[in-house]
Amino acid sequence: MDQRQALQLLFTYDLWCTRKLLDHINDHSPFKKDVACLAFLAHIVNIQEIWFSRVVETSFSETEKWDEYKPGELRKKARKLNKKWLDLIGDHEVELDSEIIFFTEKRVKKSAELKDICRHLVIHGEFHRGQILLFLRNCDIKPPMIDYSAYRSVL
(Lines give C-alpha, C1' and ligand atoms only; values in the text may rest on other atoms or scores of the structure.)
Protein backbone atom coordinates (compact mmCIF):
# COMPACT_ATOMS: atom_id res chain seq x y z
CA MET A 1 0.00 0.00 0.00
CA ASP A 2 1.47 3.34 -0.98
CA GLN A 3 1.21 6.58 1.01
CA ARG A 4 -1.74 7.82 -1.03
CA GLN A 5 -3.73 4.64 -0.41
CA ALA A 6 -2.79 4.66 3.29
CA LEU A 7 -4.13 8.19 3.71
CA GLN A 8 -7.32 7.30 1.86
CA LEU A 9 -7.77 4.31 4.16
CA LEU A 10 -7.40 6.58 7.20
CA PHE A 11 -10.02 8.99 5.87
CA THR A 12 -12.36 6.09 5.12
CA TYR A 13 -11.81 4.88 8.69
CA ASP A 14 -12.56 8.39 9.95
CA LEU A 15 -15.94 8.44 8.18
CA TRP A 16 -16.74 4.92 9.42
CA CYS A 17 -16.15 6.13 13.00
CA THR A 18 -18.39 9.15 12.50
CA ARG A 19 -21.19 6.97 11.15
CA LYS A 20 -20.88 4.43 13.96
CA LEU A 21 -20.93 7.15 16.59
CA LEU A 22 -23.89 8.94 15.00
CA ASP A 23 -25.83 5.68 14.98
CA HIS A 24 -24.88 4.91 18.57
CA ILE A 25 -25.78 8.37 19.83
CA ASN A 26 -29.08 8.22 17.96
CA ASP A 27 -29.87 4.77 19.40
CA HIS A 28 -29.33 6.02 22.97
CA SER A 29 -30.73 9.56 22.76
CA PRO A 30 -31.77 11.36 24.74
CA PHE A 31 -29.05 11.17 27.38
CA LYS A 32 -27.24 13.72 29.48
CA LYS A 33 -24.34 14.34 27.06
CA ASP A 34 -25.94 13.66 23.67
CA VAL A 35 -25.70 17.32 22.63
CA ALA A 36 -22.01 17.43 23.60
CA CYS A 37 -21.31 14.21 21.69
CA LEU A 38 -22.91 15.61 18.55
CA ALA A 39 -21.07 18.91 19.01
CA PHE A 40 -17.71 17.12 19.07
CA LEU A 41 -18.58 15.09 15.97
CA ALA A 42 -19.63 18.28 14.18
CA HIS A 43 -16.37 19.91 15.27
CA ILE A 44 -14.35 17.09 13.69
CA VAL A 45 -16.19 17.55 10.39
CA ASN A 46 -16.02 21.34 10.56
CA ILE A 47 -12.25 21.27 11.02
CA GLN A 48 -11.96 19.02 7.96
CA GLU A 49 -13.99 21.54 5.98
CA ILE A 50 -11.93 24.47 7.22
CA TRP A 51 -8.71 22.68 6.25
CA PHE A 52 -10.09 21.73 2.85
CA SER A 53 -10.77 25.41 2.20
CA ARG A 54 -7.23 26.25 3.23
CA VAL A 55 -5.68 23.55 1.05
CA VAL A 56 -7.80 23.67 -2.10
CA GLU A 57 -9.46 27.03 -2.15
CA THR A 58 -6.73 28.88 -0.25
CA SER A 59 -9.46 30.88 1.41
CA PHE A 60 -11.27 31.12 4.69
CA SER A 61 -14.21 28.82 5.16
CA GLU A 62 -17.59 30.20 6.13
CA THR A 63 -17.83 27.30 8.55
CA GLU A 64 -17.10 27.97 12.19
CA LYS A 65 -15.25 25.22 14.01
CA TRP A 66 -18.05 24.74 16.57
CA ASP A 67 -21.08 24.98 14.23
CA GLU A 68 -23.64 22.32 15.12
CA TYR A 69 -25.98 20.26 12.94
CA LYS A 70 -28.85 17.83 13.29
CA PRO A 71 -27.65 14.20 13.05
CA GLY A 72 -28.97 13.72 9.49
CA GLU A 73 -27.33 16.92 8.28
CA LEU A 74 -24.08 15.96 9.99
CA ARG A 75 -24.10 12.52 8.35
CA LYS A 76 -24.51 14.09 4.88
CA LYS A 77 -21.91 16.77 5.53
CA ALA A 78 -19.39 14.19 6.75
CA ARG A 79 -19.96 11.98 3.70
CA LYS A 80 -19.63 14.84 1.20
CA LEU A 81 -16.53 16.23 2.86
CA ASN A 82 -14.94 12.80 3.12
CA LYS A 83 -15.43 12.34 -0.63
CA LYS A 84 -13.69 15.66 -1.28
CA TRP A 85 -10.68 14.56 0.77
CA LEU A 86 -10.58 11.10 -0.83
CA ASP A 87 -10.72 12.65 -4.29
CA LEU A 88 -7.98 15.13 -3.46
CA ILE A 89 -5.69 12.48 -1.99
CA GLY A 90 -6.42 10.15 -4.91
CA ASP A 91 -5.60 12.76 -7.55
CA HIS A 92 -2.16 11.74 -8.83
CA GLU A 93 -1.57 15.27 -10.08
CA VAL A 94 -1.65 16.43 -6.45
CA GLU A 95 1.71 15.97 -4.75
CA LEU A 96 1.29 14.78 -1.16
CA ASP A 97 4.71 16.26 -0.35
CA SER A 98 3.69 19.68 -1.62
CA GLU A 99 4.01 22.55 0.81
CA ILE A 100 0.67 24.18 1.50
CA ILE A 101 0.75 27.84 2.47
CA PHE A 102 -2.23 28.77 4.63
CA PHE A 103 -3.42 31.30 7.14
CA THR A 104 -4.55 30.34 10.61
CA GLU A 105 -7.82 31.67 12.01
CA LYS A 106 -5.70 34.43 13.59
CA ARG A 107 -4.44 35.28 10.08
CA VAL A 108 -0.91 34.01 10.75
CA LYS A 109 0.81 32.70 7.62
CA LYS A 110 2.10 29.13 7.97
CA SER A 111 2.94 26.12 5.86
CA ALA A 112 2.76 22.33 6.08
CA GLU A 113 3.00 19.41 3.70
CA LEU A 114 -0.34 18.10 2.46
CA LYS A 115 0.34 14.60 3.80
CA ASP A 116 0.95 16.05 7.28
CA ILE A 117 -2.27 18.06 7.15
CA CYS A 118 -4.12 14.85 6.27
CA ARG A 119 -2.55 12.99 9.18
CA HIS A 120 -3.33 15.89 11.49
CA LEU A 121 -7.02 15.72 10.56
CA VAL A 122 -7.27 12.02 11.33
CA ILE A 123 -5.41 12.40 14.63
CA HIS A 124 -7.57 15.40 15.55
CA GLY A 125 -10.68 13.28 14.94
CA GLU A 126 -9.30 10.45 17.08
CA PHE A 127 -8.67 12.86 19.95
CA HIS A 128 -12.24 14.13 19.99
CA ARG A 129 -13.75 10.68 19.44
CA GLY A 130 -11.92 9.64 22.60
CA GLN A 131 -13.71 12.45 24.41
CA ILE A 132 -17.05 11.28 23.00
CA LEU A 133 -16.38 7.74 24.24
CA LEU A 134 -15.70 9.15 27.71
CA PHE A 135 -18.98 11.11 27.61
CA LEU A 136 -20.80 7.90 26.70
CA ARG A 137 -19.15 5.93 29.51
CA ASN A 138 -19.95 8.69 32.01
CA CYS A 139 -23.60 8.35 30.98
CA ASP A 140 -23.46 4.57 31.57
CA ILE A 141 -23.62 3.88 27.85
CA LYS A 142 -21.24 1.27 26.50
CA PRO A 143 -19.42 2.95 23.59
CA PRO A 144 -19.21 1.27 20.20
CA MET A 145 -15.97 -0.40 19.20
CA ILE A 146 -14.42 2.15 16.84
CA ASP A 147 -10.70 1.55 17.11
CA TYR A 148 -8.70 1.01 13.94
CA SER A 149 -8.35 -2.74 14.47
CA ALA A 150 -12.15 -3.06 14.68
CA TYR A 151 -12.44 -1.16 11.41
CA ARG A 152 -9.86 -3.32 9.69
CA SER A 153 -11.66 -6.49 10.84
CA VAL A 154 -14.85 -5.46 8.99
CA LEU A 155 -13.12 -4.74 5.68
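Relevant structure appears above.
This structure is a prediction, so every number in the text was calculated from the model and none was measured.

Enquirer: Mind showing me how you'd approach the pairing of strand E1 (residues 99-103) here?
Expert: On any regular strand, side chains alternate: one points to one face of the sheet, the next to the other face. Burial along E1 is one-sided: the face carrying Ile100 and Phe102 is buried and the face carrying Glu99, Ile101 and Phe103 is not. For E1 and strand E2 (residues 109-113), the ladder comprises 5 bridges, and the chain directions are antiparallel. In the strand pairing of E2, Ile101 is matched with Ser111.

Enquirer: What exactly am I supposed to notice about the pattern of salt bridges here?
Expert: A side chain with one charge can pair with a side chain of the opposite charge if their charged atoms come near. Evaluated as defined, the whole model comprises 8 salt bridges. Among the salt bridges present, the one from Lys83 reaches Asp87, with a minimum N-O distance of 2.9 Å. You can see Lys83 and its partner Asp87 sitting in helix H3 (residues 71-90), 4 residues apart, about one turn around the helix. In this structure Asp87 comes out as partly exposed when scored by relative accessible area, which is 45%.

Enquirer: Which parts of the structure should I look at to understand the nonpolar core?
Expert: Burial of nonpolar side chains together is a common tendency in soluble globular proteins. Counting 48 residues, the largest nonpolar core has Leu41, Trp51, Val55, Trp85, Leu114, Ile117 and Leu136 as its most contacted members. Elements with a contribution of two residues or more to this core: helix H1 (3-28), helix H2 (34-57), H3, E1, helix H4 (114-138) and helix H5 (148-154). Tallying contributions element by element places H2 first for this core, with 12 residues. Ignoring anything within four residues of it in the chain, the contact list for Leu41 reads Thr18, Leu21, Leu22, Ile25, Leu74 and Ile132.

Enquirer: Where do I start with the environment of Leu86 in this structure?
Expert: Within the secondary structure, Leu86 is located in helix H3. Leu86 sits 76 residues away from Leu10 along the chain, and the two C-alpha atoms are 9.7 Å apart. The residues touching Leu86, leaving out its near neighbours within four places in the chain, are Gln8, Phe11 and Thr12.

Enquirer: What is the right way to read H2 from this model?
Expert: Note: α-helices contain 3.6 residues per turn, so residues at a spacing of three or four share the same orientation. Taking 1.5 Å per residue, 24 residues should reach 34 Å; H2 reaches 33 Å between its end C-alpha atoms and fits that length. Counting buried residues in H2 gives 19 out of 24 residues, a clear majority hidden from the surface.

Enquirer: Any chance you could explain H4 here in plain terms?
Expert: The terminal C-alpha atoms of H4, which comprises 25 residues, lie 37 Å apart, in line with the 36 Å expected from a rise of 1.5 Å per residue. Directly beyond the C-terminal end of H4, a positive phi value near 60° is found at Asp140.

Enquirer: It is not clear to me how the packing of aromatic side chains should be interpreted in this structure. Could you clarify?
Expert: Two aromatic rings are characterised by how far apart their centres lie and by the angle between their planes. Using the criterion set out here, one finds 10 aromatic pairs in the structure. Taking the ring centre of Trp51 as reference, the NZ or CZ of Arg54 above it sits at 4.4 Å. In this structure, Arg129 is placed above the aromatic ring of Tyr13, and the distance from its NZ or CZ to the ring centre is 5.9 Å.

Enquirer: How should I be thinking about the packing of H1 against H4 in this particular structure?
Expert: In a pair of packed helices, the angle between the axes and the distance between the axes together describe the arrangement. Remark: H1 packs on H4, axes separated minimally by 10 Å, with the N-to-C direction vectors making an angle of 25°. In this view, H1 runs roughly parallel relative to H4, as classed from their interaxial angle. Two packed elements cross with a definite hand, and for H1 against H4 that hand is left-handed. When H1 is examined against H4, the residues Gln3, Leu7, Leu10, Phe11, Tyr13, Asp14, Cys17, Thr18, Leu21 and His24 are found in contact with a partner set consisting of Lys115, Cys118, Arg119, Leu121, Val122, Gly125, Glu126, Arg129, Ile132, Leu133 and Leu136. Across the contact of H1 with H4, the residue classes tally to 12 nonpolar, 4 polar and 5 charged.

Enquirer: Got a minute to help me understand the packing of H3 against H4 in this structure?
Expert: At a minimum axis distance of 12 Å, the contact between H3 and H4 shows a crossing angle of 150°. Classed by the angle they form, the pair H3 and H4 counts as roughly antiparallel. Here H3 runs over H4; the crossing is left-handed. Contacts from Trp85, Leu88 and Ile89 in H3 reach Leu114, Ile117, Cys118 and Leu121 in H4. For the contact of H3 with H4, the class distribution of residues is 7 nonpolar, no polar and no charged.

What counts, and at which threshold
- Residues numbered from 1 in each chain as written.
- Predicted model: local features only at pLDDT ≥ 70, side-chain atom pairs only at ≥ 80, totals over all residues.
- Heavy atoms only, no water.
- Buried < 20%, exposed > 50% of the residue type's maximum accessible area, 1.4 Å probe, protein only.
- Helix = DSSP H or I, 4+ residues; strand = E, 2+ residues; numbered from the N terminus.
- Pairing = 2+ DSSP bridges.
- Salt bridge = Lys/Arg side-chain N within 4 Å of Asp/Glu carboxyl O.
- Core = buried A, V, L, I, M, F, W, Y, C linked by side-chain atoms within 4.5 Å.
- Contact = heavy atoms within 4.5 Å.
- Expected span 1.5 Å × (residues − 1).
- Phe/Tyr/Trp six-rings, centres within 6.5 Å; stacked < 30°, edge-to-face > 60°.
- Lys NZ or Arg CZ within 6 Å of the ring centre and 35° of its normal.
- Axes fitted to C-alpha atoms, helices over the stretch in contact; angles between N-to-C directions.
- Parallel < 35°, antiparallel > 145°, perpendicular 65-115°, else oblique.
- Left-handed = near helix turned anticlockwise from the far one by under 90°.
- Nonpolar A, V, L, I, M, F, W, Y, C, P; charged D, E, K, R; others polar.

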